[in-house]
Amino acid sequence: VQLQASGGGLVQAGGSLRLSCAASGSIFSINAMGWYRQTPGKQRELVAITSSRSTDYAASVKGRFTISRDNAKNTKYLQMNSLKPEDTAVYYCNARLTLPDLTVRHYWGQGTLVTVSS
């Protein structure tokens, strides 16, 4: 099982980026998927997370970031609008998956750097 993250880059303040997170391999179901971000010297923080029951956003991104999904591709997208310099961070995709043997495991994708210039 792998999580493939993509979509980071450099953008000016006020601009937009879309991150993708695709789960591949032997998966029974995706229980939850989301993004965390981390800057040097700080703890990794939750940005947004979605499950079949709900979608939640950090207060700092609410109204600017939106999660969408393509269930057929086991992929979630994080649309980031009105980006601010303080959104600059390495973003990590995270998923809680149920495997075919019904065990539940957490997976991390590789980090993708988002840089917002002022």
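Residues numbered from 1 in each chain as written. Predicted model: local features only at pLDDT ≥ 70, side-chain atom pairs only at ≥ 80, totals over all residues. Heavy atoms only, no water.

Before going further, it helps to spend a moment on the sheet that holds strand β8 (residues 75-80). Ordered in space as β1-β3-β8-β7, the 4 strands form an open sheet in which the pairing is antiparallel. Each end of this open sheet is capped by a strand with a single partner; those strands are β1 (2-6) and β7 (65-70). In this sheet, neighbouring strand axes are inclined to one another by 15° on average, regardless of whether the strands run parallel or antiparallel. As judged from the 5 bridges shared by β1 and strand β3 (residues 17-24), these two strands associate in the antiparallel manner. Bridged to Ser6 within β3 is Ser20. (Pairing = 2+ DSSP bridges. Helix = DSSP H or I, 4+ residues; strand = E, 2+ residues; numbered from the N terminus. Axes fitted to C-alpha atoms, helices over the stretch in contact; angles between N-to-C directions.)

What follows deals with the pairing of β8. By the criterion of burial, β8 is predominantly enclosed, with 5 of the 6 residues buried. Judged from the 6 bridges that link them, β3 and β8 form a sheet pairing that is antiparallel. When the sheet's bridge partners are listed, Ser20 is paired in β8 with Tyr77. Here β7 pairs with β8 via 6 bridges, running antiparallel. What sits directly across from Phe65, in β8, is Met80. (Buried < 20%, exposed > 50% of the residue type's maximum accessible area, 1.4 Å probe, protein only.)

Following the sequence through the fold, Gln12 ends up in strand β2 (residues 9-12). Exposure remark for Gln12: the relative accessible area of 60% places this residue in the exposed category. Placed 73 residues apart in sequence, Gln12 and Pro85 show a C-alpha to C-alpha distance of 8.2 Å. The contact partners of Gln12, leaving out residues within four places of it in the chain, are Val116 and Ser117. (Contact = heavy atoms within 4.5 Å.)

Our focus in this paragraph is the side chain of Asp87. The residue Asp87 is located in the loop between β8 and β9 (89-98) in this model. Reaching out from Asp87, the side chain makes a polar contact with the side chain of Arg64 at a distance of 2.7 Å. A polar atom in the side chain of Asp87 sits 2.8 Å from the backbone nitrogen of Lys84. Beyond its immediate sequence surroundings of up to four residues, Asp87 is in contact with Arg37, Val61, Arg64, Phe65, Ser82, Val114 and Val116. (Polar contact = N/O pair within 3.5 Å; in protein donor to acceptor, adjacent residues only side chain to side chain.)

Our next topic: the environment of Gly63. As for its position among the elements, Gly63 is in the loop between β6 (55-57) and β7. Taking the C-alpha atoms as reference, Gly63 lies 8.7 Å from Asn81; in sequence the two are 18 residues apart.

This part covers the state of the cysteines. Going through the model one piece at a time under the given rule, you end up with 1 disulfide. A disulfide bridge connects Cys21 with Cys93, and the sulfur atoms are separated by 1.6 Å. Disulfide Cys21-Cys93: torsion about the S-S bond near -70°, hence left-handed. Linking Cys21 in strand β3 with Cys93 in strand β9, this pair joins segments that are 72 residues apart in sequence. For Cys21, a relative accessible area of 0% corresponds to the buried category. Residue Cys93 is classed as buried on the basis of its relative accessible area of 0%. (Disulfide = S-S within 2.5 Å.)

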